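Listed below are the residues making up each chain.
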Amino acid sequence: MAGRVEGKVAFITGAARGQGRSHAVRLAEEGADIIAVDVCKPVSGTDLIPSSTPADLAETVELVKGLGRRIVTAEVDVRDFDALKAAVDNGVEQLGRLDIIVANAGIGNGGATLAETSEQDWNTMIGINLEGVWKTVKAGVPHLISGGNGGSIILTSSVGGLKAYPNTGHYVAAKHGVVGLMRTFAVELGANSIRVNSVHPTNVNTPMFMNEGTMKMFRPDLENPGVEDFEPVAKFMHVLPVGWVEPVDISNAVLFLASDESRYITGLPVTVDAGSMLK
């Protein structure tokens with residue numbers, strides 16, 4: 001069924017690559033125009049994970065334009081509310097409306113126990129993965145309300161937003177917090193016919209997961225682990241026999257939640273987890 005978000009405009013953070021790019025492309029395939037933002041530079045405290053670049057964001061632009069859709073971009077740190085607001089305001093001015101917010105931008109850092117996590121790692125994690133989600137919605141919601149057409153907001157959490165893992169406590173805390181934001185926004189915005197849900201991916205085949213730091217965290221017994229070394233460990237996390245899912249698997253859930261097919265679904269944590277929550 002084509003055109004599931006035809007004529008709508010989506011505001012997506014972390015759109016230069018990975019899940020964010022996939023969400024932009026998938027929504028564009030179904031008829032949406034896109035406001036895409038990404039920091040496009042290194043973030044202090046995330047040195048083990050390659051940073052997104054302006055070239056990455058430019059590639060997202062070309063992919064969306066190749067589908068015949070319009071796209072407006074900005075290089076923005078989601079911790080900067082004024083810059084976020086300026087980006088979405090500019091996008092709405094150019095594209096005419098806003099219907100969908102996908103608060104996707106996020107990081108992974110650290111690897112220590114909570115008692116040993118540095119304040120810098122904690123503050124960076126909470127600032128981007130929790131405060132950044134709040135600021136993204138805060139920047140976009142006035143346009144959803146003033147548009148008078150309702151809308152859909154999708155927040156990217158994680159299976160780590162529903163259960164705990166060791167040595168990622170600051171990430172787990174932030175992603176649990178996203179669920180609190182989702183439920184509260186759903187209650188507060190429901191009268192405006194604005195739905196708010198969260199998606200909870202397991203491991204996803206993106207640079208945030210497929211990197212040296214993650215591989216070493218999964219296989220601390222090896223000096224230089226590769227994909228073939230940590231795949232069996234990753235599979236152990238799931239009921240289905242896979243170590244990770246693809247970005248489009250998450251994008252398909254985002255598309256469903258953005259479309260009118262889910263018009264009466266709000267306040268729901270949606271897992272795309274290969275059965276991880278069963279273990």
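Reading the values: rules and limits
- Residues numbered from 1 in each chain as written.
- Predicted model: local features only at pLDDT ≥ 70, side-chain atom pairs only at ≥ 80, totals over all residues.
- Heavy atoms only, no water.
- Helix = DSSP H or I, 4+ residues; strand = E, 2+ residues; numbered from the N terminus.
- Rg over C-alpha atoms; globule rule 2.2 N^0.38 Å.
- Buried < 20%, exposed > 50% of the residue type's maximum accessible area, 1.4 Å probe, protein only.
- Contact = heavy atoms within 4.5 Å.
- Lys, Arg positive; Asp, Glu negative; His and termini not counted.
- Charge placed at Lys NZ, Arg CZ, Asp CG, Glu CD.
- Salt bridge = Lys/Arg side-chain N within 4 Å of Asp/Glu carboxyl O.
- Polar contact = N/O pair within 3.5 Å; in protein donor to acceptor, adjacent residues only side chain to side chain.
- Core = buried A, V, L, I, M, F, W, Y, C linked by side-chain atoms within 4.5 Å.
- Axes fitted to C-alpha atoms, helices over the stretch in contact; angles between N-to-C directions.
- Left-handed = near helix turned anticlockwise from the far one by under 90°.
- Nonpolar A, V, L, I, M, F, W, Y, C, P; charged D, E, K, R; others polar.
- Pairing = 2+ DSSP bridges.

What is the right way to read the overall build of the protein from this model?
When you go through the protein residue by residue, the secondary structure sums to eight helices and seven strands. In terms of C-alpha radius of gyration, the protein reaches 18 Å, essentially the compact-globule figure of 19 Å for 279 residues. Here the C-alpha coordinates of the protein stretch approximately 55 × 35 × 35 Å along the principal axes. Residues counted as buried form 54% of the 279 residues belonging to the protein. Pairs at least 24 residues apart make up 73% of the contacts formed inside the protein by residues separated by at least 6 positions. Across the protein, the 23 positively charged side chains and the 32 negatively charged ones have centroids separated by 6 Å.

Got a minute to help me understand the side chain of Lys175 in this structure?
Following the sequence through the fold, Lys175 ends up in helix H5 (residues 169–189). The charged side chain of Lys175 is buried without a salt bridge, its nearest counter-charge being Asp38 at 13 Å. A distance of 3.2 Å separates a polar atom in the side chain of Lys175 from the backbone oxygen of Thr156. Setting aside its immediate chain neighbours within four residues, Lys175 contacts Asn129, Thr156, Ser157, Ser158, Gly160 and Gly161.

Is there a simple way to think about unusual backbone geometry in this case?
Outside of glycine, negative phi angles account for most residues, and trans bonds account for most peptide bonds. In this structure, Ser193 is a non-glycine residue whose phi angle is positive, near 60 degrees. Assignment of secondary structure puts Ser193 in the loop between H5 and strand S6 (194–201). The phi angle at Ala274 is positive, at roughly 55 degrees, despite the residue not being glycine. Inspection of the secondary structure puts Ala274 in the segment after strand S7 (269–272).

Sorry if this is basic, but what is going on with the nonpolar core here?
The nonpolar side chains of a soluble globular protein tend to be buried, and buried together. One finds Phe11, Ile35, Leu98, Ile153, Leu155 and Val196 to be the most contacted residues of the largest nonpolar core, which totals 40 residues. Sorting elements by how many residues they give to this core places H5 first, with nine residues. Setting aside residues no more than four positions away along its own chain, Phe11 makes contact with Ile35, Val37, Leu84, Val88, Leu98, Ile100, Ile101, Val102 and Thr136. Cys40, Val64, Ile71 and Val270 belong to the second largest nonpolar core, which has 30 residues in total.

I keep staring at the pattern of salt bridges and nothing clicks. Help me out?
When their charged atoms lie close together, side chains carrying opposite charge are able to pair. In total, this model carries eleven salt bridges according to the counting rule given. Put simply, Glu261 and Arg4 hold a salt bridge, and the shortest N to O gap is 2.7 Å. In this pair, Glu261 is assigned in the loop between helix H8 (247–258) and S7 and Arg4 in the segment before strand S1 (9–13), connecting sequence segments 257 residues apart. Since its relative accessible area comes to 22%, Arg4 is described here as partly exposed. Arg21 is the salt-bridge partner of Glu59, the closest N and O atoms lying 3.5 Å from each other. Here Arg21 lies in helix H1 (residues 18–29) and Glu59 lies in helix H2 (residues 54–65), a separation of 38 residues in the sequence. Take Arg21: its relative accessible area is 16%, and that puts it in the buried class. Taken together, the salt bridges that share partners define one network made up of Glu6, Asp33, Arg69 and Arg70.

What's the story with the packing of helix H3 (residues 81–95) against helix H4 (residues 119–147) in this structure? I'm lost.
How two helices sit against one another is set out by the angle between their axes and by the gap between those axes. Taken N-terminus to C-terminus, the directions of H3 and H4 make an angle of 35 degrees; their axes are 9 Å apart at the nearest point. For the element pair H3 and H4, the recorded crossing hand is right-handed. On H4, the residues touching Phe81, Leu84, Lys85, Val88, Asp89 and Val92 of H3 are Gly132, Lys135, Thr136, Lys138, Ala139, Gly140 and His143. Partitioning the contact of H3 with H4 into residue classes produces five nonpolar, four polar and four charged.

Which parts of the structure should I look at to understand the sheet that holds strand S2 (residues 33–38)?
Think of a sheet as strands paired side by side through backbone hydrogen bonds, with each pair either parallel or antiparallel. In space, the seven strands of this open sheet follow the order S3-S2-S1-S4-S5-S6-S7, with parallel pairing throughout. What marks the edges here is a single partner per strand, and that holds for strand S3 (71–75) and S7. For this sheet the average axis-to-axis angle between neighbouring strands, irrespective of direction, equals 15 degrees. Looking at chain direction, S6 and S7 are connected through four bridges and run parallel. In the strand pairing of S7, Val199 is matched with Val270. Across the sheet, H5 touches strand S5 (151–156), S6 and S7, and the angle it forms with S6 is around 165 degrees.

In short, shape yes, function no, at least from these values alone.
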